[in-house]
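# Analysis of the macromolecular model
Listed here are the chains, written in short residue letters.
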Amino acid sequence: MKQLLEVIASALVDNPDEVVVTETENDKEIVLSLKVAPDDMGKVIGKQGKIAKAIRTVVRASASKSDKKILVDIQ
């Protein structure tokens with residue numbers, strides 16, 4: 001899931017070298033934190049958050065077989 005998020009975010013931004021994804025896991029959930037360059041933040045979020053919502057949907061769908069909840073945090 002971490003690699004999937006990195007690939008998606010890198011394709012969207014102008015500075016793919018600055019895309020950093022960290023994964024934190026506990027008993028009930030997995031939190032993926034996405035950090036991009038400040039100039040690329042708008043490209044990852046999109047108008048009215050539509051791109052961010054789509055990213056979260058794709059990541060959750062890829063993790064549907066696991067019993068843990070997936071959260072994508074964009075910073």
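To be clear, the structure that these remarks concern was listed above.
So, here is what we can say about the structure in this document.

About the criteria used
- Residues numbered from 1 in each chain as written.
- Predicted model: local features only at pLDDT ≥ 70, side-chain atom pairs only at ≥ 80, totals over all residues.
- Heavy atoms only, no water.
- Pairing = 2+ DSSP bridges.
- Helix = DSSP H or I, 4+ residues; strand = E, 2+ residues; numbered from the N terminus.
- Core = buried A, V, L, I, M, F, W, Y, C linked by side-chain atoms within 4.5 Å.
- Buried < 20%, exposed > 50% of the residue type's maximum accessible area, 1.4 Å probe, protein only.
- Contact = heavy atoms within 4.5 Å.
- Axes fitted to C-alpha atoms, helices over the stretch in contact; angles between N-to-C directions.

### Notes on the pairing of strand β2 (residues 29-35)
As a general feature of sheets, a regular strand has side chains that alternate between the two faces. Alignment of strand β1 (residues 20-25) against β2, held across six bridges, turns out to be antiparallel. Bridging across to β2, V20 finds its partner in K35. Turn length for the β1-β2 hairpin, with the two strands adjacent in sequence and antiparallel, is three residues. Alignment of β2 against strand β3 (residues 69-74), held across six bridges, turns out to be parallel. Bridged to E29 within β3 is K69.

### Examining the nonpolar core
Counting 17 residues, the largest nonpolar core has L5, V19, L32, L34, V44 and V59 as the members making the most contacts within it. Going through the elements one at a time, α1 (2-12), β2, α3 (50-62) and β3 are the ones with two or more residues in this core. If we ignore the near neighbours within four places in the chain, the residues touching L34 are L5, A9, V19, V20, V21, V44, D73, I74 and Q75.

### Focus on the environment of K65
With respect to the element layout, K65 can be found in the loop between α3 and β3. Taking the relative accessible area as the measure of exposure, K65 reaches 83% and is therefore exposed. The spatial distance from the C-alpha of K65 to the C-alpha of V44 is 26 Å, given a sequence separation of 21 residues.

### Describing the sheet that holds β2
Taken in spatial order, the three strands of this open sheet run β1-β2-β3, and their pairing is mixed. Looking along the sheet, the strands with just one partner apiece sit at the ends: β1 and β3. Shown here is a sheet whose adjacent strand axes are inclined to one another by a mean of 20°, direction ignored. Its contacts with the sheet put α3 on β2 and β3, and the angle it makes with β3 is roughly 150°.

Everything listed is a geometric property; what it means functionally is a separate question.
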